[in-house]
Amino acid sequence: MCFPIQPLQNRHGIVDDMRSRLIGVVKWIKLTVLLALLTSAIGHAESKAHTRHPHSGSAHRRPTRADTRTNLSYEKTGSNGDRYREMFAKQNTEIVLDCAVNINFSTSIWVKDGQMVQTILKDNSNNKRVIGHRFLVDASGNLYIDNVRLEDDGKWQCEAEDGFGFVVQGKPIVLTVLDPPKKAYLMIDNRILDPGNPFIPVKENADLTVSCVVDEGNPKASLSWELTLGSMALLDMPELPLEVLNLTETVVDQKAGARNDAHMGKVLRAHHNATLTCFINHIALDQPLNVSVLLNVQYTPSFAISREPGFGFPIREGMPVSLKCDVDSNPKAKPIWQKDDGDPPVMQNPNGFLNFSEIRREHSGWYKCIARHMLGRFSSIGYFLNVHDVEVTQEPDFDVGELSSTGRQVEVSLGGAVQLACPPGISGCWARVESGTGRLDPIGAYQELRLDNVIYQEGGEYRCVAPSKENTKRVEAIRHALSVDVIVTGRPTVMPTNKSITAVSGQPLTLTMEFCANPTYTKVFWIAKNQKVYRPGDADNTIIAYRITNTTTLHCHQAVLFLTKVTAIDTGEYNFIVRSPHGLAEGTFFVNMTYASSYHTPQLKSSSSSETHRITLTTIYLNVIVLLLKNC
């Protein structure tokens, strides 16, 4: 068998063959490197996409770990839509923050609040703790914080870099180091209340704001208020008005700690001995803290008069009779009996009893109970004790001729309180008798009427009116007994106390001031802007001070100062002063001046002329433009 003999390749052919093979190898290496770069870029893009879109898939999703004793770790979404993890840790514990990136990285660092943290590599071989260093990282980039402190509170984030220099940021971790509040305290008008004194003294109808403050706590504590009424208030007022439990809370923002203000717009006597409690809730507390105070409401006296034998039983000479006066007030006030505005005929018992062992005819008359209180002098409504010298079987009607005028009067200090009650056995409601017309103006739907913070305008005659027909005859028979004159006494008052008024230049102006005083005023005068004093009846070329006139309200009057023609020199302050034996009061007018609409200053005329000239020129220009357009 013969084989064809192949010709031998020369050296040029061998070199060409090696060159072609080498070119192929280089192409393969380039392709491999390109594929590797492409794979890394895709991984980097996926990592960025994972950071921006937390719901996308990830090859490495390691859970963030917290200390097992707290186990407080939550997924959150920020206001910008980015996801982060919120962690809570107790002080002096150890926690682990996971790097949680989805690439194979070679190096990593940790950043807290934008600043890099110095860390050292954790020795996993012998599991020994590195002394003097609290921030350790393992080979996976996880951060171990030993002996957690308050200064570790903040935003932590891992930054990892792969072999190709790509940097990936892990999900932010907001670490809150728990610091439970230790105590809270209460304040009024920025004054800290003594924790040893559980009472707050406050006047009836006053405005009250109590602040609850906590200076510690991380995160900030949550504060809330609760108002609990005393047992006596619940017994005395089974149907409580809504305003009794009305409490407004206001959270006051501050850098450290927390504050919540409780506001009561009107403190009532039903709030006496009520407990105002502030509760402090915090994530690090197993049970909320609380701090409380009792309200010691200072309220004016109210009176309750009773009789033995009871009302409706006829009183005849020789029988024993007892009158009892109970006063409810805070602080307590002692009841004092009076008969016809004088001393009672028998000695009063310290407990408010007026005991007649054998009552006589001359003991008949008007009895009332008064009390001297820190807020003023207060009086009950008068009660007429009628003693008969004959045997009777039922309580007779009142004899109008026997009624004492002073017995139907109740004197109350300005700003004080008075309580009126219909006579026993009468079902009615209270009305005020209008002066002059005698018309009844209903003001109360119950048998008792209480007037608080009394002013002069509330003085006058009040009458108990029976709504039912069966009581009409009885009411008519004892009408005088059902009518009470409330007499208000005290220092003078002036209305208005402060007012600004605008006068027209060249026109007259009337300043009217109403004032009340009981006892009556002793001196009244005006002080004009030029510091000149005008008494009622004084007058000059520019000002007239009219004489005092009475108003329809008892003890109230009117004073008038008349300016004949207001000019620029009349603008300013005008004072009205009234004095009585009980004090002094002042009212003030501030007079400003304006010009009438028809009045024009020279500047205004010049301006008006200029405006007219401008309008005329504008009209000429428009006419010229119209002519030019027509010619075109």
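A short tour of the structure in this document, coming up. Not measured: the values here are computed from a predicted model. (Residues numbered from 1 in each chain as written. Predicted model: local features only at pLDDT ≥ 70, side-chain atom pairs only at ≥ 80, totals over all residues. Heavy atoms only, no water.)

On to the pattern of salt bridges, then. A full pass over the atoms with the stated rule returns 15 salt bridges. The residue K339 makes a salt bridge to D340 at a minimum N-O spacing of 3.2 Å. Each of R134, R149, E151 and D152 takes part in one network of salt bridges that share partners. (Salt bridge = Lys/Arg side-chain N within 4 Å of Asp/Glu carboxyl O.)

Once that is clear, we can look at the sheet that holds strand β12 (residues 185-188). Across the sheet, which stays open at both edges, the five strands sit in the order β13-β12-β15-β18-β17 with antiparallel pairing between neighbours. Whereas interior strands pair on both sides, the edge strands pair on one side only; in this sheet they are β13 (191-192) and β17 (248-252). Alignment of β17 against strand β18 (residues 258-264), held across five bridges, turns out to be antiparallel. Residue pairing for β18: E249 is matched across the bridge by A262. (Pairing = 2+ DSSP bridges. Helix = DSSP H or I, 4+ residues; strand = E, 2+ residues; numbered from the N terminus.)

Looking now at the sheet that holds strand β6 (residues 120-121). For sheets, the rule is that strands pair by backbone hydrogen bonds, running either parallel or antiparallel. The strand order across the open sheet formed by four strands is β3-β8-β7-β6, and the pairing between neighbours is mixed. The sheet is open, and its two edges are formed by β3 (95-97) and β6, each paired on a single side. Bridge count for β3 against strand β8 (residues 143-145) is three bridges, and the pairing is antiparallel. Its bridge partner lying in β8, I95 is registered against I145.

Now for the pairing of strand β35 (residues 509-518). Among the ten residues of β35, seven are classified as buried, and the element is accordingly described as predominantly covered. Judged from the four bridges that link them, strand β33 (residues 483-495) and β35 form a sheet pairing that is antiparallel. Its bridge partner being in β35, M495 is matched across the sheet by E514. The pairing of β35 with strand β40 (residues 556-563) spans eight bridges and is classified as antiparallel. Each residue of the ladder has a partner; that of F515, found in β40, is H557. (Buried < 20%, exposed > 50% of the residue type's maximum accessible area, 1.4 Å probe, protein only.)

Before going further, it helps to examine the state of the cysteines. Disulfides are covalent bonds that connect the sulfur atoms of two cysteines. Using the criterion set out here, one finds four disulfides in the structure. Each sulfur in the disulfide pair C325 and C369 lies 2.1 Å from the other. Between C325 and C369, the S-S dihedral sits near -95°, and the bridge is therefore left-handed. In this pair, C325 is assigned in strand β21 (residues 321-330) and C369 in strand β24 (residues 365-373), connecting sequence segments 44 residues apart. Given the relative accessible area of 0%, C369 is considered buried. (Disulfide = S-S within 2.5 Å.)

Looking at the secondary structure, you find D153 in the loop between β8 and β9 (154-161). A relative accessible area of 27% means that D153 is categorised as partly exposed. A C-alpha to C-alpha distance of 9.2 Å links D153 and N218, two positions 65 residues apart in sequence. Ignoring sequence-local partners within four residues, the contact set of D153 consists of K112, D113, L175, T176, V177 and N218. Among the polar contacts listed, one links the side chain of D153 to the backbone nitrogen of V177, at a separation of 2.9 Å. (Contact = heavy atoms within 4.5 Å. Polar contact = N/O pair within 3.5 Å; in protein donor to acceptor, adjacent residues only side chain to side chain.)

Attention shifts here to the environment of M347. With respect to the secondary-structure elements, M347 resides in the loop between β22 (336-339) and β23 (353-356). Classification of M347 as exposed rests on a relative accessible area of 75%. The spacing of M347 and W337 is ten residues in sequence and 9.5 Å in space, taken between C-alpha atoms.

Geometric values such as these leave the question of function open.
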